[in-house]
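Observations on the three-dimensional arrangement
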Amino acid sequence: MPHVVTQACCGDASCVFACPVNCIHPTPDEPDFATAEMLYIDPASCVDCGACVKACPVGAIKPHTRLGEHDLVFLDLNAAFHAEPPATPRPSQAPVPPVVRLQERGPLRVAVVGAGPAGLYAADELLKQDGVEVTVLDRLPTPHGLVRAGVAPDHQTTKDIGALFRQIEDQRGFDYRLGVRVGTDVSHEELAAHHDAVVYATGASADRRLGIPGEDLPGSLTATDVVAWYNGHPDQVDLRPRLQGRRAVVVGNGNVALDVARVLVTDPDRLAVTDVADHALAALRGSDLREVVVLGRRGPAEAAFTMPELLGLLARDDLDVVVEGVDLDALPDHPKVQALRDGVTRDPDPGRRRIVLRFLTAPVEVVGDQRVEGLRVTRTALRDDPVTGRTVAEVVGPEEVLEASVVLRSVGYRSVPIEGVPFDPDRHLVPNVDGRVLEAPGGDLVPGVYVVGWAKRGPSGFIGTNKSCSLGTVNALLADANAGRLPTPTGGAADLDRLLRERGTGVVDRDAWRALAAHERELGRQQGRPRVKLSDVGEMARVVEAARLASPPRRRPSRLASRARTSGRGA
Ligand code: NAP
């Protein structure tokens with residue numbers, strides 16, 4: 001009776017190390033781990049102990065007898081990965097990644113900039129050492145990065161990883177300084193002067209551009225911004241995408257494109273029980289959109305969406321999913337092609353909302369007079385590039401215009417530079433070797449400065465991929481500490497707090513965040529939702545201030561609280 005990994009797999013490999021018989025693969029030491037779309041349990045060797053179920057932070061592993069109708073397909077997917085015997089015999093237990101031990105007992109004070117998954121995994125690895133103190137900073141008053149502001153609201157189980165984040169936050173030696181923008185409120189140099197080391201976990205917050213005419217017309221938006229909008233990110237509250245008109249087009253067919261497409265045509269009542277932002281839910285209730293076309297310039301076998309996400313989409317019974325641009329039956333066999341053959345809606349209902357997966361079609365121009373009226377596209381054909389070995393799309397025509405009221409580009413994220421921190425403008429990341437930051441690509445190391453997550457390796461992988469990524473960087477940091485390679489700080493935690501206070505840039509610390517999170521959960525409880533996310537920074541300030549008055553802080557008021565008091569808008 002095997003266990004089965006299902007769609008929500010976050011890839012953090014906790015299950016791998018919990019498994020007593022090494023039946024979950026690929027393991028982090030195996031070459032295909034970096035590119036795997038999920039992890040897979042071998043049904044032949046699973047001993048049904050359930051240890052993996054307890055270890056999984058997102059509830060993605062289920063006994064095969066408890067699979068819902070839509071999860072049954074993952075039984076085959078897990079088994080298919082293990083159909084061929086491994087090329088080399090596997091050890092009886094997955095090798096645990098090497099961990100560097102801090103030789104001298106601390107105190108070692110580390111600032112982690114960015115409170116998303118990569119930053120929190122880095123904090124967790126650091127706090128496994130005695131005497132380490134970690135302060136996690138973020139420009140927003142709320143932590144958890146893309147788990148809060150990126151994961152689609154109809155993927156609530158993925159957000160279960162928040163429970164792991166709460167455990168990390170609860171550890172001794174952990175604190176937050178949220179609402180502090182490094183590079184503006186405090187410089188990199190100041191941060192470095194007050195810590196033994198600084199770890200950047202700033203992700204990839206900007207979008208890549210298409211470089212086609214009309215890209216900046218009103219109504220041509222980035223998927224990144226729309227994701228932030230429906231997730232209540234304070235920066236995008238006023239985005240108000242135009243949802244009047246019957247069709248939206250999303251350019252690119254990665255997992256982000258599928259997320260946005262689904263959310264735009266999901267029945268709002270289905271979203272109403274999630275933590276979708278209230279302003280987005282109201283807008284979606286008034287939406288006329290009936291169809292979202294997801295444009296892939298290559299074919300289904302080359303599509304950037306992963307199998308788990310494709311299978312999840314095809315399992316939706318409230319949407320039709322159709323394919324255009326290719327004849328599925330004429331394509332060579334491939335798991336994604338087969339999944340589409342099996343799962344697309346063969347007889348779509350014109351009355352139902354639909355997602356069109358259109359392949360072999362590339363964008364040419366966003367068309368419209370005052371605002372978006374459509375997207376000019378062209379047919380493509382595939383050819384093998386002998387230099388890169390990659391299958392690429394070649395424009396063959398003809399062109400046509402897809403009428404649409406909104407065009408979203410979803411062609412990948414990119415990191416943005418932080419004042420004072422090295423940046424590689426070609427690769428859009430912080431230049432580094434194994435997480436140690438370099439002055440420039442190929443240049444010298446910057447002592448005491450490190451990077452994790454998308455800012456380190458580019459925008460790829462899943463939430464859990466950041467666990468092994470962060471471990472690698474933390475090992476480098478600890479090795480440097482042991483070798484005496486970290487610069488000596490000139491100030492301590494209290495000095496930095498004083499500096500921030502003098503500038504009027506106090507912080508939301510861990511206690512203040514807990515109060516804010518409890519408030520959001522309570523609002524959610526009243527509405528039968530996991531939480532109601534606040535997206536107005538002023539309102540967050542009032543909640544923090546009310547909590548401070550109810551339970552005076554031991555140390556000092558928060559920045560947001562002082563902002564609320566000075567603006568005379570107390571709770
Ligand atoms: P992505 O997976 O890199 O997909 C980018 C897409 O944009 C590809 O389809 C790519 O096509 C296309 N593209 C790039 N340049 C283009 C151009 N000039 N014209 C037309 N198409 C173009 O990026 P993403 O969707 O933003 O995802 C980022 C990462 O987050 C991925 O690792 C993803 O798996 C992860 N993620 C995971 C989940 C989840 O697990 N549920 C959810 C969201 C994101 P080509 O392939 O032809 O280059």
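Since the structure is predicted, the reported quantities are computational estimates derived from the model, not experimental observations. (Residues numbered from 1 in each chain as written. Predicted model: local features only at pLDDT ≥ 70, side-chain atom pairs only at ≥ 80, totals over all residues. Heavy atoms only, no water.)

A few words on the environment of Val430. With respect to the helices and strands, Val430 occurs in the loop between strand 19 (413-414) and strand 20 (432-433). Of the residues examined, Val430 reaches a relative accessible area of 7% and is grouped as buried. Separated by 15 residues in sequence, Val430 and Ser415 have C-alpha atoms that sit 8.2 Å apart. The contact partners of Val430, leaving out residues within four places of it in the chain, are Val421, Pro422, Val437, Val451 and Ala455. (Helix = DSSP H or I, 4+ residues; strand = E, 2+ residues; numbered from the N terminus. Buried < 20%, exposed > 50% of the residue type's maximum accessible area, 1.4 Å probe, protein only. Contact = heavy atoms within 4.5 Å.)

Close to the ligand lie 24 residues, the nearest being Asn253, Asn255, Arg297, Arg298 and Gly461. With respect to the ligand, the side chain of Asn255 contributes an N or O atom lying 3.1 Å from an oxygen atom. Arg390 is positioned such that a nitrogen or oxygen atom in its side chain is 3.3 Å from an oxygen atom of the ligand. The protein chains hide 79% of the 920 Å² of surface that the ligand would expose on its own. No other element matches the three residues that helix 9 (residues 255-265) contributes to the shell around the ligand. (Near = heavy atom within 4 Å. Polar contact = N/O pair within 3.5 Å; in protein donor to acceptor, adjacent residues only side chain to side chain. Areas by Shrake-Rupley, 256 points an atom, 1.4 Å probe, with all protein chains shown as cover.)

The subject of this paragraph is the sheet that holds strand 20. In space, the seven strands of this open sheet follow the order 7-6-5-8-22-21-20, with mixed pairing throughout. The two strands at the open ends of the sheet, each matched to only one other strand, are strand 7 (174-178) and strand 20. Where strand 8 (residues 197-200) and strand 22 (residues 445-451) come together, three bridges link them in parallel fashion. Bridge pairing in strand 22 links Tyr200 to Val451. (Pairing = 2+ DSSP bridges.)

Here we come to the pattern of salt bridges. Per the counting criterion, the structure on display carries 42 salt bridges. The partner of Arg409 in a salt bridge is Asp207, with the nearest N and O atoms 3.0 Å apart. Of this pair, Arg409 sits in strand 18 (residues 406-409) while Asp207 sits in strand 9 (residues 206-207), and the two are 202 residues apart along the sequence. With respect to class, Arg409 is no different from Asp207; both count as buried. Through salt bridges that share partners, Asp154, Asp259, Arg262, Arg270, Arg316, Asp317 and Asp318 make up one connected network. (Salt bridge = Lys/Arg side-chain N within 4 Å of Asp/Glu carboxyl O.)

Turning to helix 13 (residues 335-343), its buried residues are Lys336, Val337, Ala339, Leu340 and Arg341. Buried positions along helix 13 lie against helix 12 (307-314), strand 13 (320-324) and strand 14 (354-358).

This part takes up the sheet that holds strand 14. By way of backbone hydrogen bonds, the strands of a sheet pair with one another, either parallel or antiparallel. Here we have six strands laid out as an open sheet, ordered 10-18-11-12-14-13, and parallel in their pairing. Every other strand in the sheet has two partners, leaving strand 10 (220-222) and strand 13 as the edge strands with one partner each. Recorded for the sheet is a direction-independent mean angle of 20° between the axes of neighbouring strands. Judged from the five bridges that link them, strand 13 and strand 14 form a sheet pairing that is parallel. Note on strand 14: the bridge partner recorded for Val321 is Ile355. Lying on the sheet, helix 9 is in contact with strand 11 (247-251), strand 12 (291-295), strand 14 and strand 18; it crosses strand 12 at an angle near 175°. (Axes fitted to C-alpha atoms, helices over the stretch in contact; angles between N-to-C directions.)

So, on to the packing of helix 12 against helix 13. Interhelical geometry of helix 12 versus helix 13 gives an angle of 5° and a closest axis separation of 10 Å. By the criterion of interaxial angle, the relationship of helix 12 to helix 13 is roughly parallel. Judged by residue contacts, Met307, Leu310, Leu311 and Leu314 of helix 12 engage Pro335, Lys336, Ala339, Leu340 and Gly343 from helix 13. (Parallel < 35°, antiparallel > 145°, perpendicular 65-115°, else oblique.)

A few words on the pairing of strand 14. Here strand 14 lies mainly inside the structure; five of its five residues are buried. Every second residue of strand 14 is oriented toward a common face, with Arg354, Val356 and Arg358 on one face and Ile355 and Leu357 on the other, all of them buried. Note that strand 12 and strand 14 share five bridges and pair parallel. If you follow Val294 over to strand 14, its bridge partner there is Leu357. Taken together, strand 13, helix 13 and strand 14 form a β-α-β motif whose crossover is left-handed. (Right-handed = clockwise from strand over helix to strand, strands pointing away.)

Attention shifts here to the packing of helix 8 (residues 223-230) against helix 9. At a minimum axis separation of 10 Å, helix 8 and helix 9 run at an interaxial angle of 50°. In this view, helix 8 runs oblique relative to helix 9, as classed from their interaxial angle. Crossing hand, helix 8 versus helix 9: left-handed. From helix 8, Ala223, Val226, Val227 and Tyr230 reach across to helix 9, where they touch Val256, Asp259, Val260 and Val263. In terms of residue class, the contact of helix 8 with helix 9 is made up of seven nonpolar, no polar and one charged. (Left-handed = near helix turned anticlockwise from the far one by under 90°. Nonpolar A, V, L, I, M, F, W, Y, C, P; charged D, E, K, R; others polar.)

Of all residues in the protein chain, 96% attain a pLDDT of 70 or more, and the chain-wide mean is 93. Residue range residues 561-571 is modelled with pLDDT below 50. Its contacts to residues more than four positions away, or to other chains, number 16 contacts. (pLDDT = per-residue confidence, 0-100.)

Mapped onto the fold, Asp385 is located in the loop between strand 16 (374-384) and strand 17 (391-403). One buried charged residue, Asp385, forms no salt bridge at all, with the nearest opposite charge on Arg383 at 4.9 Å. In this structure the side chain of Asp385 is engaged in a polar contact, spanning 3.4 Å, whose partner is the backbone nitrogen of Thr388. (Lys, Arg positive; Asp, Glu negative; His and termini not counted.)

So, on to the environment of Gly245. Relative to the elements of secondary structure, Gly245 occurs in the loop between helix 8 and strand 11. When its relative accessible area of 29% is taken as the criterion, Gly245 is described as partly exposed. Separated by 158 residues in sequence, Gly245 and Glu403 place their C-alpha atoms 9.3 Å apart. Dropping the residues within four chain positions of it, Gly245 is found in contact with Asp288, Leu289 and Ser405.

We now examine helix 3 (residues 72-81). Every α-helix carries 3.6 residues per turn, so stepping three or four residues along brings you back to the same face. Within helix 3, burial applies to Phe74, Leu77 and Asn78. Relative to the axis of helix 3, the buried residues are bounded by an arc of 95° and lie together on one face. Among the exposed residues of helix 3, those oriented more than 90 degrees off its buried face are Asp76 and Ala80. If you follow the buried residues of helix 3, they end up packed against strand 1 (3-5), strand 3 (40-41) and helix 12. (Arc of directions from axis to C-beta.)

Another point: the packing of aromatic side chains. What the rule picks out here adds up to five aromatic pairs. Plain terms: the ring middles of Tyr40 and Phe81 are 4.4 Å apart, the flat faces sit at 10° to each other, and that makes the pair stacked. Pair noted here: Tyr40 is in strand 3 and Phe81 is in helix 3, with a separation of 41 residues, a long-range link. Ring centres 5.2 Å apart and planes at 55° place the aromatic pair Tyr413 and Trp454 in the tilted group. (Phe/Tyr/Trp six-rings, centres within 6.5 Å; stacked < 30°, edge-to-face > 60°.)

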